[in-house]
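Analysis of the macromolecular model
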Amino acid sequence: MPVLENDGLEILAFMLDAEEDVIREIGACLNEEERRRAEGLRLERDRRRYIVTRGQLRRVLASKLGISPSDVELEYGRLGKPHLSHRMPARDLCFSVSRSGDVAVVALSTRQEVGVDIEAVLAVPEADEIAAHCFSASEHGSYTALGPEDRLDGFLRRWTRLEAISKALGCGLGQPLSWDEREWAVRRFVPKPGYIGTVVVRN
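Structural notes, computed from the coordinates. (Residues numbered from 1 in each chain as written. Predicted model: local features only at pLDDT ≥ 70, side-chain atom pairs only at ≥ 80, totals over all residues. Heavy atoms only, no water.)

A few words now on the pattern of salt bridges. Tallying each qualifying case throughout the model produces 16 salt bridges. Arg-45 is paired through a salt bridge with Asp-46; the nearest N and O atoms lie 3.6 Å apart. Arg-45 sits in the partly exposed class, given a relative accessible area of 41%. Between Asp-153 and Arg-157 there is a salt bridge; the shortest N-O distance is 2.9 Å. Here the residue Asp-153 and the residue Arg-157 both occupy positions in helix α6 (residues 151-169), the gap between them amounting to four residues, near one helical turn. Since its relative accessible area comes to 25%, Arg-157 is described here as partly exposed. (Salt bridge = Lys/Arg side-chain N within 4 Å of Asp/Glu carboxyl O. Buried < 20%, exposed > 50% of the residue type's maximum accessible area, 1.4 Å probe, protein only. Helix = DSSP H or I, 4+ residues; strand = E, 2+ residues; numbered from the N terminus.)

Attention shifts here to the sheet that holds strand β7 (residues 114-120). The three strands lie next to each other as β7-β9-β8, forming an open sheet whose pairing is antiparallel. Since the sheet does not close on itself, it has two edges, and those belong to β7 and β8 (184-189), each with one partner. Neighbour-to-neighbour, the strand axes of this sheet turn through a mean angle of 15 degrees, independent of strand direction. Strands in contact with α6 are β7, β8 and β9 (195-202); relative to β7, the strand with the most contacts, it is inclined by about 150 degrees. (Pairing = 2+ DSSP bridges. Axes fitted to C-alpha atoms, helices over the stretch in contact; angles between N-to-C directions. Contact = heavy atoms within 4.5 Å.)

What follows is the structure in structure tokens.
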């Protein structure tokens, strides 16, 4: 289901809790490494959601490349950021994936780096601690200035933005995060009621 389309940027959302026969069909296009990773997940729910996320990513990329989902080849950066293999027919297609709860999204961008993150709107008991540790000084200051009724929304909006930037840059949140706001277009979206999403694209 498309949730945002704008100037070379496209975001597709899909539900993860599919029927067993649908999961089998989607999972048939995974490669050996992806199957091993799925089998290594302890909870059955997590296995199903991983299979659907990876399978749907392959389907989306395959539709853009004009190939079979099982023929999509991915490579990984030093910190695990996935991108299309140099053997793929449209190497300028950038993508990012995020999932939370029973929803996942795939963001696609032609030529420009993209990062996306979604979060379910649920209480985060350690939000203040995370904000103090992860947010920049200005972001933390604006967050702590919020009233109690605005804190959860304010935290999730800042957190999804930070996660989306880290994904676009290909670095984990534990790594030093240096970026210039002027270089990025930031857009918010709602993948499904009860969720918050942020996507960033390099200008």
